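Inside the fold
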Amino acid sequence: MDLNPAYTPVGTLFDNKPMFFIPKYQRAYAWEGESIKDFIKDLKNCFVKRKSQSPINHFLGGILSVEYPVAGVVRQHEYEIIDGQQRAATFTLLMACLVTMYKELLNQAKNSQDATNEEILQSRIKDLSKRFIEFDQEVQRTITKVEVLKLSKPDQNFYRNLIREKKPSVSRDSHRKLLEAYNSISEAVKEMIDKSNLVTKMDDLEVIQNVIDSDFTVLHMVTKAKEDAFRLFQVINDRGTSLTEGDLLRAKTLEILENFSTEQNSVEDLWNEILSDPPNKTANYLNWIYESNHGRRASQNALFDNFIDAFFPEHKSPNLTVDDANNIYIKVKDINENIIKCRKLENGEWLYKNQQPITGWDKNRLNLLLKELDHTLCIPLLLAASTLDHQKFSQVVQIIEKAFFRYKIICNQHATPLQTIYREEANSIRTNPTQYKLTSLKGKLRTLINKRASDDVFKANLELLHYKETGGGSNKPLKYFLLTAEYYYQWFKQGATGEPVCTDKTRVYDFASTSIEHIYSQNADSSVFDSTLEPVKHSLGNLTILDPALNATGNNDSFVTKKLVYQGSSVFLTKEEVGTKTAWDLNEINSYKQQLINIGMKIFQI
């Protein structure tokens, strides 16, 4: 391996019209939090030492580059940064902050007609700009502007505008990190400099320049062989920021496609879309996709290895064909489409275009399952089910919703058997989606429920469902149960025959704004206080829901007053089961509780 290492100050690295760029197989900007804090801490320490006339050397790590000659320019080279882009980009963010501050001081000098310092400031701005931002380069009598550092495609435009003070809009996680790094560094520099007057500010900024030029050092390793760079890229990580599974998958697929530029460019664009989320989200999505396609979760700490073998077996082929390259593109395209689905599912969003007979009520069941009940464990199955038509998908959602609420939320059984069923059904769907029957999913869930969440167990646990005061836990399951009882109430009153049906899907209550109502007041004052009802005021039999338009009405009034509000409610459960009562006592509470349990027993049958 032809590798030439040079231990050098950062300032020297950016001398003599440097040209650095980040290759397409590199990840986007990733430093945040502790990494930026460490950088600022190092900067402040070196600043204090240099200002006190006792400068120290601080080693910041390595930068690995591939060197290329620039056509038409003598002794000019371009450097492809294989490892160290986080450092290189952060150095330039710091210097861009200095340029901005020098420009502010320049305006002060002009306003005070300080010609001497105005000239010095203009010189510093020009020097730093051409060393760290852009410079003029002549090739055959044509002068062009050249970027000192070009980040990878997803970040370049944002970064370019950021260091030129153009206030770009954030559209991905790496943009957020760049902006936060820039702002943190800028604030830190402002805190460091003496604000007494123009001259002291200039002197302190110059000290920071000297830290970069002399005290901050790196090991710049340069190779001329791209094959060596690919190999080294797999094993070298940046300071405190390990390569994520998504980064490695991106790098590997682009490496495989090195001799197929059309497919490589297309795959690069797809990975830029795939990796636009925070790394932890991307890891979740990739795990869901792997599990959905292969019926098992990737081995711990082995997502990259499992994923590359499962989706890109071409990586083992010594001689890639055009068909192989096209297959890789198709697979990455499919992964991107599934990532988009993961984002939507995580937010409880419907995956299909608007089509009858699916209504807003049906779509809302997906939101309730994933957002309010937080059952993301089923997402791999839903990804597989998204290959079915919209009606079957909706049925899958509602089967899972009822089974999960009964088995896990109310009966508190372990989720692993559910996950096993989900994986088996995902595999069945992907094996033959056109022949898939919902009876398979229902049958397996019914067997599991009969074994571990039987009618007796379910009924006993529904008896225990109650309102939890602040700090006592979430009331989402309770609200979900009451809302679901309301949706199926008319079907229940009509005899509850066949599959549960919501007879009026035009009424979709917003989960967040719909309130749980204590019929006998939660905080009863002396005028309505009833010692016999106090012990059961949080029990299921004393609770109902109010539509948002009425949720601030009644409050702690007597039942005689509140029943008039209930009679005007759009919630049939409240209007007919509570609003028709002449009084509200212990018998009515027990009777209403039993009615709610009877409704629940009918609805949550699989």
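Residues numbered from 1 in each chain as written. Predicted model: local features only at pLDDT ≥ 70, side-chain atom pairs only at ≥ 80, totals over all residues. Heavy atoms only, no water.

**Considering the packing of aromatic side chains**
Heads up, the condition is: Aromatic contacts are taken between Phe, Tyr and Trp rings whose centres are within 6.5 Å, Trp giving its six-membered ring; a plane angle under 30 degrees counts as stacked, one over 60 as edge-to-face, and the others as tilted. A run of H or I in DSSP counts as a helix once it spans at least four residues, and a run of E counts as a strand once it spans at least two, with each numbered from the N terminus. Burial here depends on accessible area, computed with a 1.4 Å probe over protein chains only, as a share of the maximum for the residue type. Under 20% is buried, over 50% is exposed, and the range in between is partly exposed. Criterion for a charge above a ring: Arg CZ or Lys NZ at most 6 Å from the ring centre, at most 35 degrees from the ring normal.
One pass over the full model with this rule turns up 25 aromatic pairs. Note on Phe20 and Tyr79: the rings are 5.6 Å apart at their centroids and 35° apart in plane angle, and the pair reads as tilted. Taken together, the positions of Phe20 in strand S2 (residues 20–21) and Tyr79 in strand S4 (residues 77–83) put the pair 59 residues apart, joining distant regions of the chain. The buried category is assigned to Phe20, whose relative accessible area is 3%. Given the relative accessible area of 17%, Tyr79 is considered buried. Geometrically, the ring pair formed by Tyr352 and Phe393 is tilted, given 5.3 Å between the ring centres and 55° between the ring planes. With Tyr352 in the loop between helix H13 (322–346) and helix H14 (360–372) and Phe393 in helix H16 (residues 390–410), the pair connects residues that are 41 residues apart, well separated along the chain. Judged by its relative accessible area of 17%, Tyr352 falls in the buried class. Ring pairs connect the aromatic residues Trp361, Tyr487, Tyr488, Trp491 and Tyr509, which therefore count as one cluster. A cation sits over an aromatic face here: Lys479 above Phe511, 5.0 Å from the ring centre.

**Some thoughts on helix H3 (residues 85–111)**
Our working definition: Multiply 1.5 Å by the residue count of a helix minus one, and that product is the helix's expected span.
Counted at 1.5 Å a residue, the expected span for H3 with its 27 residues is 39 Å, and the 39 Å between its end C-alpha atoms agrees. Among the 27 residues that make up H3, 21 are buried, leaving the element largely enclosed by the rest of the structure. Positioned one or two residues after H3, Gln113 has a phi angle of 55°, which is positive.

**Points about the nonpolar core**
Here is the rule we go by: In these notes, a set of buried Ala, Val, Leu, Ile, Met, Phe, Trp, Tyr and Cys residues joined through side-chain atoms within 4.5 Å is what counts as a nonpolar core. Note on contacts: a residue pair is in contact if any heavy atoms of the two residues lie within 4.5 Å.
Ranked by size, the top nonpolar core spans 122 residues in total, and within it Phe307, Leu382 and Phe393 carry the most contacts. Considering every element that reaches this core, the biggest residue donor is H16, with 10 residues. Contacts of Phe307, omitting those with residues within four sequence positions, involve Leu249, Leu286, Ile289, Tyr290, Phe312 and Ile335. Judged by nonpolar contacts, the second largest core, of 67 residues, contains Tyr29, Leu149, Ile185 and Leu198.

**Considerations on the confidence of the model for the protein**
Interpretation of the predicted coordinates at a detailed level should be avoided for regions scoring low in pLDDT. As a reminder of what qualifies: For every residue, the pLDDT score states the predictor's confidence, bounded by 0 at the bottom and 100 at the top.
For the protein, per-residue confidence averages 91 on the pLDDT scale, and 95% of positions sit at 70 or higher. Counted against residues more than four places away or in other chains, residues 237–241, with its pLDDT under 50, gives 20 contacts.

**Side note on the side chain of Arg131**
By the secondary structure assignment, Arg131 is in helix H4 (residues 115–132). Residue contacts for Arg131: discarding those within four places in its chain leaves Gly11, Phe14, Asp15, Pro18, Val148 and Asp213.

**Details of the packing of H16 against helix H20 (residues 476–487)**
Where we set the bar: Here an axis means a line fitted to C-alpha atoms, over the contact stretch when the element is a helix, while the angle between two N-to-C directions is reported on a 0 to 180 degree scale. For classification purposes, angles smaller than 35 degrees are called roughly parallel, those larger than 145 roughly antiparallel, those between 65 and 115 roughly perpendicular, and all remaining angles oblique. Crossings are sorted by hand: turned counterclockwise from the far helix by less than a right angle, the near helix makes the crossing left-handed, and turned clockwise it makes it right-handed. Ten residue types, Ala, Val, Leu, Ile, Met, Phe, Trp, Tyr, Cys and Pro, are classed as nonpolar, four, Asp, Glu, Lys and Arg, as charged, and the remainder, Gly among them, as polar.
In the contact formed by H16 and H20, the axes pass within 12 Å of each other and the chain directions differ by 135°. Regarding the angle of H16 to H20, the classification is oblique. Judged by the sense of rotation from one axis to the other, the crossing of H16 with H20 is left-handed. Touching Glu401, Phe405 and Ile409 of H16 are Pro477, Tyr480 and Phe481, all from H20. For the contact of H16 with H20, the per-class residue count stands at 5 nonpolar, no polar and 1 charged.

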